[in-house]
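# Summary of structural features
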Amino acid sequence: MRRSPASRRHEQGRAVSEPFGVYVHVPFCAHRCDYCAFATYTDRDHLMVRYVDACIAEIDGARRQGALPPATSVFFGGGTPSRLAADELVRLLAAIPVAPGAEVTVECNPKTRRSTGSVPTATPG
Ligand SMILES: C[S@@+](CC[C@H](N)C(=O)[O-])C[C@H]1O[C@@H](n2cnc3c(N)ncnc32)[C@H](O)[C@@H]1O
Ligand code: SF4
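The residue numbers shown here count from 1 along each chain, following its written sequence. Whichever chain is written first is A, and whichever ligand is written first is 1; the rest continue in order. Reporting in this predicted model follows two pLDDT cut-offs: at least 70 for local features of residues, and 80 or more for side-chain atom pairs to be given and counted; totals over whole chains, interfaces and linings ignore these cut-offs and use all residues.

## A short note on the confidence of the model for the protein
Worth spelling out the cut-off: Within a predicted model, pLDDT stands for the predictor's per-residue confidence, ranging from 0 to 100. Here, residue contact means that the backbone-derived C-beta atoms of the two residues sit within 7 Å.
Scored by pLDDT, the protein comes out at a mean of 84, with 75% of its residues at no less than 70. Confidence drops under pLDDT 50 across residues 1-14; counting only partners more than four residues distant or on other chains, this segment forms 20 contacts. Of the regions scoring below 50 in pLDDT, residues 116-125 engages in 20 contacts with residues more than four places distant in sequence or in other chains.

What follows is the structure, encoded as structure tokens:
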């Protein structure tokens with residue numbers, strides 16, 4: 001993974017000021033829409049927890065390499081991220097270093113929206 005100037009500053013312990021967005025793709029849908037151009041699946045819900053595990057492993061690897069500065073925005077897109085169990089979504093978000101005041105967005109299908117309870121505290125650095 002190529003390191004951005006922002007991540008190099010992060011490694012040196014200084015504040016990161018440039019916007020740094022993280023996109024997490026969640027490829028699970030209840031139905032496949034004919035027009036959809038995104039990578040989604042309707043028959044793999046049994047892999048949701050393993051998918052979150054895999055995303056977290058990749059995030060942890062990037063953190064260890066110093067390639068993941070605190071995100072100023074995090075976007076969970078899909079697919080239908082709101083189909084993940086609330087605890088899984090929170091677990092995924094907690095793995096991502098976020099800057100204070102970071103914007104977090106979750107694409108939802110209103111029929112699958114669930115309360116996620118409290119969002120984890122930001123983990124600067
Ligand atoms: C990929 S969906 C993800 C969120 C949710 N599953 C939904 O359908 O709203 C996000 C948006 O992309 C749109 N979209 C899907 N395929 C598209 C395409 N081929 N061209 C333009 N927009 C598309 C959908 O209509 C939806 O408004
Ligand atoms: S991501 Fe949205 S538009 Fe694409 S198949 Fe799923 S529900 Fe339909």
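## Remarks on the environment of E18
Worth spelling out the cut-off: Strands are runs of DSSP state E lasting at least 2 residues, helices are runs of H or I lasting at least 4, and numbering of each runs from the N terminus. To assign burial, the other C-beta atoms lying within 10 Å of each residue's own C-beta are counted, with C-beta atoms placed from the backbone; 20 or more indicates buried, 12 or fewer indicates exposed, and intermediate counts indicate partly exposed.
Topologically, E18 is positioned in the loop between α1 (5-11) and β1 (21-26). For E18, a count of 11 C-beta atoms within 10 Å puts it in the exposed group. For the pair E18 and T72, spaced 54 residues apart in the sequence, the C-alpha separation amounts to 8.3 Å.

## Regarding the nonpolar core
As a reminder of what qualifies: Remark: nonpolar core denotes a set of buried Ala, Val, Leu, Ile, Met, Phe, Trp, Tyr and Cys residues whose joining runs through C-beta atoms within 7 Å.
A71, V74, I96 and V98 are the most contacted members of the largest nonpolar core, which has 18 residues in total. Mapped onto this core, the elements with two or more residues apiece are β1, β2 (71-78), α3 (86-94) and β3 (98-106).

## A word on the sheet that holds β1
Worth spelling out the cut-off: By this definition, two strands are paired if DSSP reports at least two bridges between them. Think of each axis as a best-fit line through the C-alpha atoms, taken over the contacting stretch in the case of a helix, with angles from 0 to 180 degrees between the N-to-C directions.
The three strands are arranged β1-β2-β3 in an open sheet whose pairing can be described as parallel. Only two strands of the sheet have a single neighbouring strand rather than two, namely β1 and β3. If you compare each strand with its neighbour and ignore which way they point, the axes differ by 15° on average. Judged from the six bridges that link them, β1 and β2 form a sheet pairing that is parallel. Residue pairing in the sheet places H25 in a bridge with G77 of β2.

## Focus on the site of ligand 1
Operational definition: Placing the C-beta atom from the backbone, one calls a residue near a molecule or strand if that atom lies within 6 Å of it. Residue type decides the class: Asp, Glu, Lys and Arg count as charged, Ala, Val, Leu, Ile, Met, Phe, Trp, Tyr, Cys and Pro as nonpolar, and the leftover types, Gly among them, as polar.
Every residue lining ligand 1 is accounted for by Y35, C36, A37, F38, G78, T80, E107 and N109. Residue composition of the shell around ligand 1, grouped by class: four nonpolar, three polar and one charged.

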